[in-house]
Amino acid sequence: MSDPRPDIAPPEAQGVARAAGLAFFGTGYLLSYFVSTSVPTPLLWYYPLERRFGFGVRATGLAMDFYGRFLLAFAVGGVALLVSRAVLARADAARCARALRLGMVWSGVLLAFTAGLYVYLLWARTPFAIPLPAGYTPR
Amino acid sequence: MNALPLFALLVLTAAGDPGFDQIVGKVGEQSHDASCAQMQAWVQAHPQDPNAGRGLVWMAELRLADHQLQLARPLLERAAHDYAGTEWGWHGVKGLADLDAASHHYDAAIAAYRQLEALPSPYWRYVGKMAVISAGEEQLRFRIYLVLTAALVGGVVFRASRARSALWPPPEELTYALPVVLVMLVAAMAQPPEEARAVVTVALGGALLLWAHGAQLRAHPPSTLSRLLLGVIGLGEAAALLYCAVVANDLWMKFAETVSNGAER
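From a predicted model like this one, the values you see are computed outputs, not experimental measurements.

Novice: Explain the overall build of chain A to me, and be specific about the residues and the numbers.
Specialist: On a plain count of helices and strands, chain A comes out with three helices and two strands. Its C-alpha atoms give chain A a radius of gyration of 21 Å, clearly above 14 Å, the size a compact globule of 139 residues would have. Expressed along its principal axes, the backbone C-alpha trace of chain A runs to roughly 70 × 30 × 30 Å. Taking all 139 residues of chain A together, the buried fraction comes to 31%.

Novice: Go over a nonpolar patch on the surface, please, and point to the residues and values.
Specialist: Residue and element names in this part refer to chain A. A cluster of nonpolar residues, Leu-44, Phe-53, Phe-55, Met-64, Phe-66, Tyr-67 and Leu-71, forms a patch on the protein surface that exposes about 700 Å² of accessible area. When contributions to the nonpolar patch are tallied by element, the ones reaching two or more residues are β2 (52-56) and α2 (66-88). Position of Leu-71 among the secondary structure elements: in helix α2. Using a relative accessible area of 48% as the deciding quantity, one classes Leu-71 as partly exposed.

Novice: Help me get a handle on the pairing of strand β1 (residues 43-47) of chain A, residues and values and all.
Specialist: Residues and elements named next belong to chain A. Side chains Leu-43, Trp-45 and Tyr-47 project from β1 onto a buried face, and the interleaved Leu-44 and Tyr-46 project onto a face without burial. Looking at chain direction, β1 and β2 are connected through five bridges and run antiparallel. Within β2, the position partnered with Tyr-47 by the bridge is Arg-52. If you look at the hairpin formed by β1 and β2, you'll find four residues sitting between the two strands, and Arg-51 has a positive phi there, around 50 degrees.

Novice: I'd like a description of helix α5 (residues 69-82) of chain B, backed by residues and values.
Specialist: Residue and element names in this part refer to chain B. Here α5 spans 20 Å end to end across 14 residues, near enough to the 20 Å set by a 1.5 Å rise per residue. Here α5 has its buried residues at Ala-72, Leu-75, Leu-76, Ala-79 and Ala-80. Considered in projection along α5, the buried side chains sweep an arc of 135 degrees and stay on one side of the axis. What points out from α5, more than 90 degrees from its buried face, is the exposed set Gln-70 and His-81. Structurally, α5 contributes buried residues whose contacts are with α3 (32-45), α4 (52-65) and α6 (87-102).

Novice: So, the packing of helix α3 (residues 93-122) of chain A against helix α9 (residues 172-188) of chain B: which residues are in play, and what are the values?
Specialist: For the pair α3 of chain A and α9 of chain B, the least separation of the axes is 10 Å and the interaxial angle reads 45 degrees. Classed by the angle they form, the pair α3 of chain A and α9 of chain B counts as oblique. Crossing hand, α3 of chain A versus α9 of chain B: right-handed. Here Arg-101, Leu-102, Val-105, Trp-106, Val-109, Leu-110 and Phe-113 of chain A of α3 of chain A lie close against α9 of chain B, whose contacting residues are Glu-172, Thr-175, Tyr-176, Pro-179, Val-180, Val-183 and Met-184 of chain B.

Novice: Describe the packing of helix α8 (residues 122-162) of chain B against helix α11 (residues 224-248) of chain B, naming the residues involved and giving the relevant values.
Specialist: All names here are of chain B. In contact at an axis separation of 9 Å, α8 and α11 are set at 135 degrees when each is read in the N-to-C sense. The pairing of α8 with α11 is recorded here as oblique in orientation. The handedness of the crossing between α8 and α11 is left-handed. Of the residues in α11, those touching α8 at Arg-141, Phe-142, Ile-144, Tyr-145, Leu-148, Thr-149, Leu-152 and Arg-159 are Ile-233, Glu-237, Ala-240, Leu-241, Tyr-243, Cys-244, Val-247 and Ala-248.

Novice: Quick one: what's the story with the packing of aromatic side chains, residue by residue and with numbers?
Specialist: In total, this model carries 20 aromatic pairs over all chains according to the counting rule given. The interplanar angle of 80 degrees and the centroid separation of 6.0 Å between the aromatic rings of Tyr-46 of chain A and Tyr-67 of chain A together place this pair among those described as edge-to-face. A residue pair is termed long-range when its members are at least 10 positions apart, and Tyr-46 of chain A in strand β1 and Tyr-67 of chain A in helix α2 qualify at 21 residues. Given a relative accessible area of 38%, Tyr-67 of chain A falls into the partly exposed group. With a centroid separation of 6.3 Å and 40 degrees between ring planes, the pair formed by Trp-168 of chain B and Trp-211 of chain B is classed as tilted. Here the residue Trp-168 of chain B occupies a position in the loop between α8 and α9, and Trp-211 of chain B occupies one in helix α10 (residues 193-219), the gap between them amounting to 43 residues. Residue Trp-211 of chain B is classed as partly exposed on the basis of its relative accessible area, which comes to 27%. Connected via pairs of aromatic rings, a cluster forms that spans Phe-25, Tyr-29, Tyr-33, Tyr-46, Phe-53, Phe-66, Tyr-67, Phe-70, Phe-74 and Tyr-118 of chain A.

Novice: Tell me what's going on with the environment of Ala-97 of chain A, and back it up with residues and numbers.
Specialist: Checked against the element boundaries, Ala-97 of chain A lands in helix α3. Sequence separation between Ala-97 of chain A and Gly-15 of chain A is 82 residues, and the spatial gap between their C-alpha atoms is 9.9 Å.

Novice: Tell me what's going on with the nonpolar core, and back it up with residues and numbers.
Specialist: Residues and elements named next belong to chain B. Ranked by size, the top nonpolar core spans 48 residues in total, and within it Met-39, Val-43, Leu-56, Met-59, Tyr-113 and Leu-116 carry the most contacts. Here the element with the most residues in this core is α8; it accounts for nine residues. Leaving out residues up to four positions away in the same chain, Leu-116 has contacts with Trp-90, Val-93, Lys-94, Trp-124, Arg-125 and Gly-128.

Rules and cut-offs
- The written sequence of each chain sets the order in which its residues are numbered from 1.
- Chain letters start at A and ligand numbers start at 1, both assigned in the order the entries are written.
- A pLDDT threshold of at least 70 governs which residues receive local features in this predicted model, and a stricter bar of 80 or more applies before side-chain atom pairs are shown or counted, although totals over entire chains, interfaces and linings include all residues.
- Side-chain numbers here rest on the full set of heavy atoms in the structure, without hydrogens or water.
- Each helix is a run of DSSP H or I of at least 4 residues and each strand a run of E of at least 2, with the numbering of both proceeding from the N terminus.
- As defined in this context, the radius of gyration uses C-alpha atoms, and a globule is described by 2.2 Å times the residue total to the power 0.38.
- Note on classification: 1.4 Å probe, protein chains only; a residue is buried when its accessible area is under 20% of the maximum for its type, exposed when over 50%, partly exposed between these limits.
- Like charges within 9 Å and nonpolar side chains (Val, Leu, Ile, Met, Phe, Trp, Tyr) within 5 Å are joined into patches, using only residues over 30% in relative accessible area that form no salt bridge.
- Per-residue and other accessible areas were derived by the Shrake-Rupley procedure at a 1.4 Å probe size, with only the shown protein chains allowed to occlude residues.
- Salt bridges, as used here, are contacts in which a Lys or Arg side-chain nitrogen is within 4 Å of a carboxyl oxygen on Asp or Glu.
- One requirement defines pairing of two strands: DSSP has to find at least two bridges between them.
- To estimate how far a helix should reach, multiply one less than its number of residues by 1.5 Å.
- What the arc covers is the set of directions going from the helix axis to the C-beta atoms.
- We call two residues in contact when some of their heavy atoms are within 4.5 Å.
- Here, axes are lines fitted to C-alpha atoms. For helices the fit covers the stretch in contact, and angles between N-to-C directions go from 0 to 180 degrees.
- Each angle gets one of four labels, with under 35 degrees taken as roughly parallel, over 145 as roughly antiparallel, 65 to 115 as roughly perpendicular, and the rest as oblique.
- Left-handed describes a crossing in which the near helix is turned anticlockwise from the far one by less than a right angle; the clockwise case is right-handed.
- Pairing of aromatic side chains requires ring centres within 6.5 Å, counting the rings of Phe and Tyr and the six-membered ring of Trp. Pairs whose planes differ by under 30 degrees are stacked, by over 60 edge-to-face, and all others tilted.
- Working definition of a nonpolar core: buried Ala, Val, Leu, Ile, Met, Phe, Trp, Tyr and Cys residues. They are joined through side-chain atoms within 4.5 Å.

Structure, rendered in structure tokens:
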């Protein structure tokens, strides 16, 4: 039995709309991952030797960008999810299906593009060891 | 007319001639315009000095560093003409040839480089020889660029004219590629100007090619074999677009180094 309220999508479209929302979450996530890697972006950095977090465009010493970049991408993906759910709230099944297809293609294309960027950046990188901090005692 | 040289000449006369070395030594402490004005006045006051031709070339290099090619050329022409046959005269010839090559007048540039290659000095023979080779390679790349650009533009116009009814709304191929075009345009903002131009060219040119291809496929659905052939042509066009973007923005050497050595961060 379908819901008579005009501001709610029909049941057959709601599942597709939820899936489309997740697909757009992926789009937003990967979009911000790419942009934050290629454009200097203020991020949260974790300094593992100093065991502290810091905020900035570039790290001053040995630092991990993973947490900050993940949080940023997650937030942007979350916004994309909420926007898509609002837009598709009253959409019919055909429109939801088209949105799902678009979101999945966009996510797939951006995944390939972002993965390609990281392969390009990391392919020729040569890691080097930094000196151990003063007073460090191996366990 | 710029009154700065005349003013600088008056200042020089009043304050005492600073000398060539002093003007060159102060280049980091004042603007290039001020340095060039002082040097211009010094050269005018000492046209027979052995460093006079050097002063003209020095000023031209400052103008080239500021991308003021139109100000560098007359200085190099004066060095090449007024100090012909001297070391700085040949620097003027080389500088003018470099400007000709940069503006794609390769025949004139190669002729000047051959002049240098024919000199008795081992240094100028080497410089001339390497410059002839480099300019020849650049000329070939530029000619290929012209042919490919004409082919790409012609291809887009041909497809668009055959599929006018299918141009709007834009085909799905373009819609699906929109995020990639967007991130490329955003990423271009963080690049040096010539790299940014190349990235924007590839992004927007690629979007245009997708639009034309997609419209043609909608208007005239091809057979499987034709679809395969169109796919191969599309890949070729993408490679041609990348080539044109790299060559048009003088990024060939940087591109070749990046391919062989990887990215720098």
